[in-house]
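# Understanding the architecture of this molecule
The lines below spell out each chain.
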Amino acid sequence: MVINDISNKIKKEGFCFLEGKEVLNYITESESFNKLSKEYNQLPLDKYTRKCDGQRYRRFGRLLFDPKSRNIIPLKSSIFYQNKNINKRYGGIKRKFSPINKNVLNNKFIRDFVFFNFNNLPLSRNHLRNKLEIGIHLIRIVSKANVKGKPAPEGVHQDGHDFISISLIKRENIKGGISKIFDKNKHLVETKMLKSRLDSIYIDDKKMFHYASTFNPINKKKDGIRDILIMDLNLYDNKGSKI
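Residues numbered from 1 in each chain as written. Predicted model: local features only at pLDDT ≥ 70, side-chain atom pairs only at ≥ 80, totals over all residues. Heavy atoms only, no water.

The next subject is the overall build of the chain. Along the backbone of the chain there are 6 helices and 14 strands. Its C-alpha radius of gyration of 17 Å places the chain within 12% of the 18 Å reference for a compact globule of 243 residues. Taking the principal axes of the C-alpha coordinates as reference, the chain spans close to 50 × 40 × 35 Å. Buried positions account for 52% of the 243 residues belonging to the chain. For the chain, contacts bridging at least 24 residues in sequence account for 80% of all contacts bridging at least 6. (Helix = DSSP H or I, 4+ residues; strand = E, 2+ residues; numbered from the N terminus. Rg over C-alpha atoms; globule rule 2.2 N^0.38 Å. Buried < 20%, exposed > 50% of the residue type's maximum accessible area, 1.4 Å probe, protein only. Contact = heavy atoms within 4.5 Å.)

Axis separation between helix α3 (residues 30-39) and helix α5 (residues 108-120) bottoms out at 7 Å; the angle between their running directions is 105°. As summarised for this structure, α3 and α5 are arranged roughly perpendicular, according to the angle between their axes. Each of Ser32, Phe33 and Leu36 in α3 lies in contact with α5, whose residues at this interface are Lys108, Phe109 and Ile110. The residue makeup of the contact of α3 with α5, split by class, is 4 nonpolar, 1 polar and 1 charged. (Axes fitted to C-alpha atoms, helices over the stretch in contact; angles between N-to-C directions. Parallel < 35°, antiparallel > 145°, perpendicular 65-115°, else oblique. Nonpolar A, V, L, I, M, F, W, Y, C, P; charged D, E, K, R; others polar.)

The next subject is the pattern of salt bridges. Within this structure, the stated rule accounts for 12 salt bridges. Of the charged contacts, one joins Arg58 and Asp46 as a salt bridge, the two residues approaching to 3.8 Å between their closest N and O atoms. Note that Arg58 is positioned in strand β2 (residues 55-65) and Asp46 in the loop between α3 and β2, a separation of 12 residues in sequence. Of the two residues examined, Arg58 and Asp46, each falls in the buried class. (Salt bridge = Lys/Arg side-chain N within 4 Å of Asp/Glu carboxyl O.)

The strands that make up a sheet pair up through hydrogen bonds in the backbone, lying either parallel or antiparallel. As summarised here, the arrangement of the 7 strands in space is β1-β11-β7-β14-β6-β2-β3, forming an open sheet in which the pairing is antiparallel. The strands lining the two open edges of the sheet, one partner per strand, are β1 (15-18) and β3 (72-75). Direction aside, neighbouring strands of the sheet carry axes that sit 20° apart on average. With 11 bridges joining them, β2 and strand β6 (residues 132-143) adopt antiparallel strand pairing. Across the sheet, Leu64 pairs through a bridge with Glu133, a residue of β6. (Pairing = 2+ DSSP bridges.)

With that settled, the discussion passes to unusual backbone geometry. The phi angle at Arg70 is positive, at roughly 65°, despite the residue not being glycine. Summarising the element assignment, Arg70 is placed in the loop between β2 and β3. Judged by relative accessible area, Arg70 falls into the partly exposed class, the value being 34%. The phi torsion at Asn173 lies on the positive side, around 60°, for a residue other than glycine.

In total, this model carries 2 cavities of 30 Å³ or more according to the counting rule given. Quantified by volume, the largest cavity comes out at close to 450 Å³. Lining the largest cavity are 32 residues, with Arg56, Pro151, Glu154, His157 and Ile230 positioned closest to its centre. Put simply, the parts of the chain that give the lining of the largest cavity at least two residues each are β2, β6, β7 (163-172), β9 (179-182), β12 (209-212) and β14 (224-235). No other element matches β14, which puts 4 residues into the lining of the largest cavity. (1 Å grid on protein atoms, 1.4 Å probe; cavity = no way out; pocket = protein on both sides within 12 Å on 5 of 7 lines; lining within 4 Å. Points joined across faces, edges and corners; volume = space filled by probe spheres on them.)

A word on the side chain of Asp46. Looking at Asp46, the relative accessible area reads 5%, which means it is buried. Those residues within four positions of Asp46 in sequence are excluded, and the remaining contacts are Arg56, Tyr57, Arg58 and Phe97.

Across the 10 residues of β7, 8 count as buried, placing the element largely inside the fold. In this structure, β7 lies alongside strand β11 (residues 200-204), joined through 5 bridges in antiparallel fashion. Residue Phe163 lies in a different strand from β11, and its bridge partner there is Asp204. In terms of strand pairing, β7 meets β14 through 9 bridges, oriented antiparallel.

The subject of this paragraph is the environment of Phe15. When you line up the elements, Phe15 lands in strand β1. The buried category is assigned to Phe15, whose relative accessible area is 4%. Note: C-alpha distance between Phe15 and Ile201 (186 residues apart in sequence) is 7.1 Å. Setting aside chain neighbours within four positions, we find Phe15 in contact with Lys9, Ile10, Ile181, Val189, Glu190, Tyr202, Ile203 and Met208.

Following this line, the structure appears as structure tokens:
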């Protein structure tokens, strides 16, 4: 896909699927990507995930991005909030996730990916003139022989942001975990499996809904793993993530 087409497709259709090999044409920093992928082996259990919703491991961090200077600064708070109307299952509470280490937030791949997303989202004039908050979510979901992996226990949903990107870091020993995009009336418009490194979905979160199906391990004697990097983008309000 020609890089200019990404923004145009999101603007026209509300979303865009991008193969990882296309991302890697522009972000070639493999050493920092490998360092980031190893961080997923150290993620702590998400204490907010209910037992019936499977096993989820997670860290969360925030970056302040200035479009004018192109500076990226890690922010301290790891509090994440979604309105109950947005997330009926986990909304309405301030979730203080385990923070992402500052060294990881300064990872060159993370920073290059922030620039890549900024350059390819159909941002408004307001976005281009003001500071932005970038939420960084490192998430590992595990499935076992008797435990389904549940990427979206809240069902078909929006996340409550301006734009989001969902990128595959690793997919190991699983069947299922299919990504689905819905219009504002929650009618299914596209289905796609993220199966290769950095396969990504870009979504205008004000227009579209999304979901990922449950998954099971192929070999039931081993864990099934789905590692995802989510970046959300909002205007910075100096009050924390969506608070």
